[in-house]
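Coordinates in review
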Amino acid sequence: MADSSFDIVSKVEWQEVDNAINQTSREIATRFDFKGVGGEISRSGEKIEMKANGEERVRAILDVLQTKFIKRGLSLKALDAGEPQLSGKEYKIFANVKEGITTEDAKKVAKIIRDEGPKGVKAQVQGDELRVSSKSRDDLQAVQALLKGKDLDFAVQYVNYR
């Protein structure tokens, strides 16, 4: 019998990110506590920029964005927000949307699988994803359960289950 396998990836659904940003923008425009603070949110590429005329207001915009991320099923681990910075008369927060697993993170996950996972499970790094294979599908499900129990600092999805 051939080996079964799946890939561990860290991907973001960009349409959902855009939807979360658009919902945040609409909420900023209609909420009473954002009237007259110059609140604004925009995205260019993987960078999200939030602006307001007060530090607490720009943090509130980030909070609204995080809420929208959660409601749309996006992981907050994919959102890497910085601290508010004063730029002229307004405060800005820049946030990056992280996608893909770095080589160091893939090696950490492979080590966890090797040390704590079932015997006979192999993990190999392939670009920005990690292929996990085994003869037993039960072992692969055990690996998924093991990784869900770990607090990894990046979002994880399982694809190409064969």
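Here the structure is shown first, and the text comes after it.
Below: a short report on this structure.

Definitions and cut-offs
- Residues numbered from 1 in each chain as written.
- Predicted model: local features only at pLDDT ≥ 70, side-chain atom pairs only at ≥ 80, totals over all residues.
- Heavy atoms only, no water.
- Axes fitted to C-alpha atoms, helices over the stretch in contact; angles between N-to-C directions.
- Helix = DSSP H or I, 4+ residues; strand = E, 2+ residues; numbered from the N terminus.
- Parallel < 35°, antiparallel > 145°, perpendicular 65-115°, else oblique.
- Left-handed = near helix turned anticlockwise from the far one by under 90°.
- Contact = heavy atoms within 4.5 Å.
- Nonpolar A, V, L, I, M, F, W, Y, C, P; charged D, E, K, R; others polar.
- Buried < 20%, exposed > 50% of the residue type's maximum accessible area, 1.4 Å probe, protein only.
- Pairing = 2+ DSSP bridges.
- Phe/Tyr/Trp six-rings, centres within 6.5 Å; stacked < 30°, edge-to-face > 60°.
- Lys NZ or Arg CZ within 6 Å of the ring centre and 35° of its normal.

With that settled, the discussion passes to the packing of helix 3 (residues 103-116) against helix 4 (residues 137-149). The interhelical angle for the contact between helix 3 and helix 4, taken along N-to-C directions, is 120°, at an axis separation of 11 Å. The angle between helix 3 and helix 4 falls in the class oblique. The crossing of helix 3 and helix 4 is right-handed. Of the residues in helix 4, those touching helix 3 at V109, I112, I113 and E116 are V143, L146 and L147. When its residues are assigned to classes, the contact of helix 3 with helix 4 shows six nonpolar, no polar and one charged.

Most of strand 3 (residues 47-52) sits inside the fold, with five of its six residues counted as buried. The loop that links strand 2 (residues 40-44) with its antiparallel partner strand 3 comprises two residues; one of these, G45, has a positive phi angle of about 70°. Strand direction decides the pairing type here: strand 3 and strand 6 (residues 90-97), joined by six bridges, are antiparallel. What sits directly across from A52, in strand 6, is Y91.

Turning our eyes to something else, we now look at the packing of aromatic side chains. Inspection of every chain in the model, using the stated rule, returns one aromatic pair. With a centroid separation of 5.5 Å and an interplanar angle of 85°, the aromatic rings of F6 and Y158 are classed as edge-to-face. Of this pair, F6 sits in strand 1 (residues 4-9) while Y158 sits in strand 9 (residues 157-159), and the two are 152 residues apart along the sequence. Judged by its relative accessible area of 0%, F6 is buried. Stacked on the ring of F34, the Lys or Arg R57 has its end atom at 5.2 Å from the ring centre.

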